[in-house]
Amino acid sequence: MMGRKNMTAVPSEGNKKGSMKQLLKALKPYIPQIMVSFICIAASTVLSVLAPQWVSKLTNEINDNALKHSIDLQKIANFGIVLIVFYSCNAIFNYISNFIMTTITQRFAKKIRGEISHKINRVPLKYFDSHLYGDTLSVITNDVDTVGQSMDQAVSMFFSSACMLIGVLIAMFVTAWQMALTVLSTLPLMLVMLFILTKIALPQFERNQKLLGDLNGKVEENYSGATVIKAFGAGARKTEEFEKTNRTMRKAIFKANSIAGFMQPAMTFVSYFAYAAVCVVGGLLMSNGVIQLGTISAFLIYINLFQNPLSQLAQAMNSMQMATAASGRVYEFLEQEELSDEAGKQRKLLTDGKTVRGEVEFKNVRFGYNPDKIIISDFSAKIRSGMKVAIVGPTGAGKTTLVNLLMRFYELNGGDILIDGVSIKDMPREEVHDIFGMVLQDTWMFEGTIRDNILFSKTGVSDEQLDGICKEAGIYHYVHTLPGGLDYYVENEANISGGQKQLITIARAMAENSPLLILDEATSNVDTRTEEVIQRAMDKLTEGRTSFVIAHRLSTIKNADLILVMRDGNIVEQGSHNVLMAQNGFYAGLYNSQFAGE
């Protein structure tokens, strides 16, 4: 099987635009709620724009009365009450808007996670041959969260800022057009800064998402291979590799945040320049009697209101860039090639109580994980019902590949495989999987009870039947020494030995009671004594069933009805153990090399 590689790339310009379009399209179902949020934002903006006018009136009232040495406290109190009402309503509308947008983005993130979960079950196994598991997990967790959080900030902030800019500009021109033009003279400088900084920041955020996937891939690799790393004393080297990736990640984040963080100081600098210009122009206008002091006070507030939306627009664009970078990876995964649709296929063998005989035929099978590199060129064989077929050969000969093709985990490049005369291409994958019971070399224990791990997807099995299965698999005594017996809860599979895990997976196959069996190195993780127990159980289990046994220990398949000897993807010999030994060919060489010491 091909080595797993991280093939995640930085999205191209076309992918960025495509990702943004997909994001906007995905938000269509939430348009009514978004419109309510926008209405609240608009109401909040109106109140924010009107409030400085009352501040202006309050300032003028205080200034005029101060000159007369007489202050109307009731009038000032009324102005204060109006301002309190304005700002209180402003806060309420902002809260409602934020609540709605947070709800929408969390529902959106939940929907995306659901689509990814469904997608994982639809992508072919070849996808995982070319992608690190940790990188895929990063898409499901970090990238989806980034999209949700960034969209939450970006959508409401963008609309709020746009409304505020328009409202403030109108209010400034209505109040004093001369000072409004003074403020607008600083706008080109703000826009140039925003454009330059945004252009520089986007590639950095995209690179961050890719590096985060790489980092998660390293974590997953180091965690899953912890035992091997310790055994071979590779801890220091692996730690250094992780630290190297971690340092690169830190530098990338620092660079991106430094660029993004420069936006706020830049906007502040421009706003201070605007403050100074307004004070100079306002002073000249006031000296000529064109405006009053309250107008200057109002304009100073408007400058702040004008500068804040620009800063928020910059932040919104940063958030949008993060969402675009993360969504590019999310939609890249969601758009991966899926298993072909089989909705129209009907079950051929497991219907109306039919009995599967178990006749299997390989007809000129041709396959390669990469179409340019065929590893099984032309394989044909006929397996009669009830036969125990052993598949042997050196590492890389194609033994596990043959099983993967039987189970339709991969599609053939040519030829066909038939079960009871029916092509597996004409069966739904679910039926093919139901026909075969499997015990793999890689044992998997899931969080849950021992009962759950044995029965897995099987229903209708009584405790008496389950005890019988445990006895046949040789784990009855072990299971009943555990606290709770079959109800012992497995939280950490590290607490169960490799041999016991193998026995439990064998019991799982027994419980499934499928008409055909595949045993891929089923006894590879057990000691010699346990192997004998398992071998007897396997012999009983395979009675009357067509079974395919992959084995490196040739002593375990001496009683096989047919031994297929594979080499470089082809069957080079086939026959019983005695026949193959008599031929003194490739199989005999393999067998004798294993027992040369004896």
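Residues numbered from 1 in each chain as written. Predicted model: local features only at pLDDT ≥ 70, side-chain atom pairs only at ≥ 80, totals over all residues. Heavy atoms only, no water.

K.L.:
Would you mind showing me how to read the overall build of the protein chain here?
P.N.:
Looking only at helices and strands, the protein chain has 20 helices and twelve strands in total. Taken over 598 residues, the protein chain has a buried fraction of 47%. Sequence separation of 24 or more characterises 79% of the internal contacts of the protein chain that already satisfy a separation of 6 or more. With the model as given, the accessible surface of the protein chain reaches about 30100 Å², and the carbon-plus-sulfur share is 58%. (Helix = DSSP H or I, 4+ residues; strand = E, 2+ residues; numbered from the N terminus. Buried < 20%, exposed > 50% of the residue type's maximum accessible area, 1.4 Å probe, protein only. Contact = heavy atoms within 4.5 Å. Areas by Shrake-Rupley, 256 points an atom, 1.4 Å probe, with all protein chains shown as cover.)

K.L.:
When you look at the sheet that holds strand 1 (residues 360-367) in this model, what are you seeing that I'm missing?
P.N.:
Sheet strands pair by backbone hydrogen bonding; their relative direction is either parallel or antiparallel. Here four strands make up an open sheet; going across it, the order is 2-1-4-5 and the pairing antiparallel. The sheet is open, and its two borders are formed by strand 2 (376-383) and strand 5 (422-423), each paired with just one other strand. In the sheet, strand 4 (residues 414-419) pairs with strand 5 via two bridges, with the strands oriented antiparallel. Residue isoleucine 419 lies in a different strand from strand 5, and its bridge partner there is valine 422. Strands strand 1, strand 2 and strand 4 of the sheet are contacted by helix 12 (residues 399-406), whose axis makes an angle of about 115° with strand 1. (Pairing = 2+ DSSP bridges. Axes fitted to C-alpha atoms, helices over the stretch in contact; angles between N-to-C directions.)

K.L.:
How should I be thinking about the environment of isoleucine 112 in this particular structure?
P.N.:
Relative to the assigned elements, isoleucine 112 resides in helix 3 (residues 73-120). C-alpha separation for the pair isoleucine 112 and glycine 148, spaced 36 residues apart in sequence, amounts to 9.5 Å. Not counting chain neighbours up to four residues away, the residues in contact with isoleucine 112 comprise Val144, Val330 and Tyr331.

K.L.:
Please clarify how the packing of helix 15 (residues 463-473) against helix 17 (residues 498-512) should be interpreted in this entry.
P.N.:
Two packed helices can be described by the angle between their axes and the distance between those axes. Running from N to C, helix 15 and helix 17 point in directions that differ by 130°, and their axes come no closer than 9 Å. One way to sum up the angle between helix 15 and helix 17 is to call them oblique. Crossing angle aside, the handedness with which helix 15 passes helix 17 is right-handed. On helix 17, the residues that touch Ile469, Glu472 and Ala473 of helix 15 are Leu503, Ala507, Met510 and Ala511. (Parallel < 35°, antiparallel > 145°, perpendicular 65-115°, else oblique. Left-handed = near helix turned anticlockwise from the far one by under 90°.)

K.L.:
Honestly, the nonpolar core in this entry has me stumped. Any pointers?
P.N.:
Within soluble globular proteins, side chains that are nonpolar generally end up buried alongside one another. Counting residues in each nonpolar core, the largest one holds 40 residues, and the members touching the most others are Ile450, Ile454, Ile475, Ile557, Ile563 and Tyr587. The element best represented in this core is helix 17, accounting for seven residues. Each residue touching isoleucine 475, except ones within four places of it in the same chain, is listed here: Ile454, Cys470, Gln500, Leu503, Ile504 and Ala507. Counting residues in hydrophobic clusters, the runner-up holds 37 residues, among them Phe379, Ala381, Ile383 and Ile435. (Core = buried A, V, L, I, M, F, W, Y, C linked by side-chain atoms within 4.5 Å.)

K.L.:
Can you walk me through the packing of aromatic side chains in this structure?
P.N.:
Aromatic rings considered in pairs are described by the distance between their centres and by the relative angle of their planes. Counted under the stated rule, the structure contains nine aromatic pairs. Look at phenylalanine 38 and phenylalanine 159: their rings are 3.9 Å apart centre to centre, the planes differ by 10°, and that puts the pair in the stacked class. Separated by 121 residues along the polypeptide, phenylalanine 38 in helix 2 (residues 31-68) and phenylalanine 159 in helix 5 (residues 133-175) bring together distant segments of the chain. Classification of phenylalanine 159 by relative accessible area gives partly exposed; the value is 25%. With a centroid separation of 5.4 Å and an interplanar angle of 65°, the aromatic rings of tyrosine 127 and phenylalanine 333 are classed as edge-to-face. (Phe/Tyr/Trp six-rings, centres within 6.5 Å; stacked < 30°, edge-to-face > 60°.)

K.L.:
Can you walk me through the pairing of strand 10 (residues 546-550) in this structure?
P.N.:
Every other side chain in a regular strand lies on the same face of the sheet, so the side chains alternate between the two faces. Of all five residues that make up strand 10, five are buried, and the element is covered over most of its length. The side-chain alternation of strand 10 yields two buried faces, one formed by Thr546, Phe548 and Ile550 and the other by Ser547 and Val549. Bridge analysis of strand 3 (residues 388-392) against strand 10 gives four bridges, and the strand direction is parallel. Its bridge partner being in strand 10, lysine 388 is matched across the sheet by serine 547. Pairing geometry for strand 9 (residues 516-520) and strand 10, over five bridges, is parallel. Within the sheet, the bridge partner assigned to leucine 516 lies in strand 10 and is threonine 546.

K.L.:
What is the right way to read the pairing of strand 11 (residues 562-567) from this model?
P.N.:
Most of strand 11 sits inside the fold, with five of its six residues counted as buried. Summarising the sheet, strand 3 and strand 11 pair through four bridges and their orientation is parallel. Along strand 11, the bridge assignment pairs alanine 390 with isoleucine 563. Pairing of strand 11 with strand 12 (residues 570-575) involves five bridges; the strand directions are antiparallel. Across the sheet, methionine 566 pairs through a bridge with isoleucine 571, a residue of strand 12. Here strand 11 hands over to strand 12 after two residues, with aspartate 568 in that stretch at a positive phi of 55°.

K.L.:
I would appreciate a short explanation of the sheet that holds strand 11 in the present structure.
P.N.:
Read across the sheet, six strands follow the order 6-9-10-3-11-12 without closing on themselves; strand pairing throughout is mixed. Looking at strand neighbours, the two that pair on one side only are strand 6 (436-439) and strand 12, the edges of this open sheet. Direction aside, neighbouring strands of the sheet carry axes that sit 20° apart on average. Sitting on the sheet, helix 12 is in contact with strand 3, strand 6, strand 9, strand 10 and strand 11, with an inclination near 145° to strand 10. Docked against the sheet, helix 20 (residues 586-594) engages strand 3, strand 11 and strand 12, running at close to 90° with respect to strand 11.

K.L.:
Looking at this structure, how should I read helix 17?
P.N.:
Three- or four-residue spacings in an α-helix give side chains the same orientation, since the helix completes a turn every 3.6 residues. When the terminal C-alpha atoms of helix 17 are compared, their 21 Å separation across 15 residues agrees well with the 21 Å that a helix rising 1.5 Å per residue should span. Taken across its 15 residues, helix 17 has 13 buried, putting it largely inside the fold. Of the residues flanking the end of helix 17, it is asparagine 513, one or two places downstream, whose phi is positive at about 55°. (Expected span 1.5 Å × (residues − 1).)

K.L.:
Before we go on, may I ask you to explain the environment of arginine 408 in this structure?
P.N.:
Relative to the helices and strands, arginine 408 is located in the loop between helix 12 and strand 4. Sequence separation of arginine 408 and valine 432 is 24 residues, and the distance between their C-alpha atoms is 7.3 Å. Separated by 3.3 Å, the side chain of arginine 408 and the backbone oxygen of isoleucine 424 make a polar contact. (Polar contact = N/O pair within 3.5 Å; in protein donor to acceptor, adjacent residues only side chain to side chain.)

K.L.:
Mind showing me how you'd approach the side chain of lysine 388 here?
P.N.:
Position of lysine 388 among the secondary structure elements: in strand 3. Side-chain polar atoms of lysine 388 contact the side chain of asparagine 559, separated by 3.2 Å.

K.L.:
Can you walk me through the confidence of the model for the protein chain in this structure?
P.N.:
Interpreting fine coordinate detail is not advised for predicted regions of low pLDDT. Averaged over every residue, the pLDDT of the protein chain is 78; the share at 70 or more is 87%. Per-element confidence in the protein chain ranges from a low mean pLDDT of 64 for helix 1 (residues 13-26) to a high of 92 for strand 4. Throughout residues 1-14 the model reports pLDDT below 50, and contacts reaching past four residues in sequence, or to other chains, amount to 30 contacts. (pLDDT = per-residue confidence, 0-100.)

K.L.:
Help me understand the pattern of salt bridges, please; the structure alone is not making it clear to me.
P.N.:
Proximity of charged atoms lets side chains of opposite charge pair with each other. Following the criterion strictly, the structure yields eleven salt bridges and no others. The partner of aspartate 143 in a salt bridge is arginine 329, with the nearest N and O atoms 2.6 Å apart. Linking aspartate 143 in helix 5 with arginine 329 in helix 11 (residues 293-334), this pair joins segments that are 186 residues apart in sequence. With respect to class, aspartate 143 is no different from arginine 329; both count as buried. (Salt bridge = Lys/Arg side-chain N within 4 Å of Asp/Glu carboxyl O.)

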